[in-house]
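Listed here are the chains, written in short residue letters.
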Amino acid sequence: MDNSTPESLLVSADAPVRRVERPRRDPSRSRASGVTWQAEKSLATRNQILEATLQCLVELGYTQTTTEKIAQKAGVSRGAMTHHFKSRAEVFNAAAEYIIDLRAAEYEDAVKRIKLPPGETPTYESMLDTLEVLQKYYYGRPTFIALQELQRGARTDKELQTVLLPLEATLDERKSATLLKRFPYWVEYQETSEVLRDLMFHSLKGVATNPAPYMKGDRLRKLHELLAKVAMMEMENAYKAAHGGELPKPVAAAEPAPVKKSRTRKAEA
């Protein structure tokens, strides 16, 4: 893997820690689900291999990730590895689907962290919060690096490209559905929503892919602020085109009512 990859992206304090562990038998669960222990163990081993593939992509990169290194990382024998995946191509194809599913789940988790704006329209503050949350909780994940490595491999690997392209399209659709569910006001402005997502995602992705030492702190904050201003300008134009007026001002948060102090009877002298 490229030595310029930041350690902060490889081991994110906010990313869920997934450990490769051997499956343990749970007879009661197997009986209740009607799934045999052998089938349950086989599925667990398969997921174990896919998780190890993800880790190898992050730590070693696409070109250096081999089936032998994946098996070693997963703690399985070469026979177990070939039982589930006959070739390097097969494990990468399955890993692509596995990683895309993780990316969709992580995007949903990130979007849930975004503060809902008051009223029915976005605000500059909510736009800025969206950018900062996505940068940290979506583009700061190890799965981002793993997917980048697969995309790099797919440039010359036509079989992997054939598998990855429809998965990426599905991920985009799932992200769009998640965003519209969280912020339903975008349903009315889907064209604007799409172009703003493209602007934000590609800008944040660029920062995460090539994180120059200077692109952090105040400088990164200024980039987020500029993107938020552009987003609000586009939103205001879309609102004016649809309603013929100015975007409503954000609803001011109600001030808490003053707490009445209880009167105490003075003690008689």
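Summary of the structure given here. (Residues numbered from 1 in each chain as written. Predicted model: local features only at pLDDT ≥ 70, side-chain atom pairs only at ≥ 80, totals over all residues. Heavy atoms only, no water.)

Some details on empty space enclosed by the protein
Applying the stated criterion to the full structure yields 1 cavity of 30 Å³ or more. Considering only enclosed or pocket space, the largest cavity measures out at about 180 Å³ in volume. Lining the largest cavity are 15 residues, with Met127, Thr130, Leu179, Trp186 and Met200 positioned closest to its centre. Broken down by element, the lining of the largest cavity gets its largest block of residues, 5 residues, from helix α10 (residues 190-209). The class makeup of the residues in the lining of the largest cavity is 11 nonpolar, 3 polar and 1 charged. (1 Å grid on protein atoms, 1.4 Å probe; cavity = no way out; pocket = protein on both sides within 12 Å on 5 of 7 lines; lining within 4 Å. Points joined across faces, edges and corners; volume = space filled by probe spheres on them. Helix = DSSP H or I, 4+ residues; strand = E, 2+ residues; numbered from the N terminus. Nonpolar A, V, L, I, M, F, W, Y, C, P; charged D, E, K, R; others polar.)

A word on the environment of Gly75
Relative to the helices and strands, Gly75 is located in the loop between α4 (67-74) and α5 (78-84). Note on Gly75: relative accessible area 31%, which makes it partly exposed. Between the C-alpha atoms of Gly75 and Ile49, which are 26 residues apart in sequence, the distance is 8.5 Å. (Buried < 20%, exposed > 50% of the residue type's maximum accessible area, 1.4 Å probe, protein only.)

Let's talk about the nonpolar core
One finds Ile49, Ile99, Met127, Leu150 and Trp186 to be the most contacted residues of the largest nonpolar core, which totals 65 residues. Those elements giving two or more residues to this core turn out to be α3 (37-60), α4, α6 (88-113), α7 (124-137), α8 (142-154), α9 (158-182), α10 and α11 (217-243). Here the element with the most residues in this core is α6; it accounts for 13 residues. In this structure, Ile99 is in contact with Leu54, Leu57, Thr143, Ala146, Leu147 and Leu150, ignoring residues within four places of it in sequence. (Core = buried A, V, L, I, M, F, W, Y, C linked by side-chain atoms within 4.5 Å. Contact = heavy atoms within 4.5 Å.)

Here's the deal with α8
The end-to-end C-alpha distance of α8, which contains 13 residues, comes to 19 Å, matching closely the 18 Å that a straight helix rising 1.5 Å per residue would cover. Along α8, the residues that are buried comprise Pro142, Thr143, Phe144, Ile145, Ala146, Leu147, Gln148, Glu149, Leu150, Gly153 and Ala154. (Expected span 1.5 Å × (residues − 1).)

Don't take any of this as a statement about function, it's just geometry.
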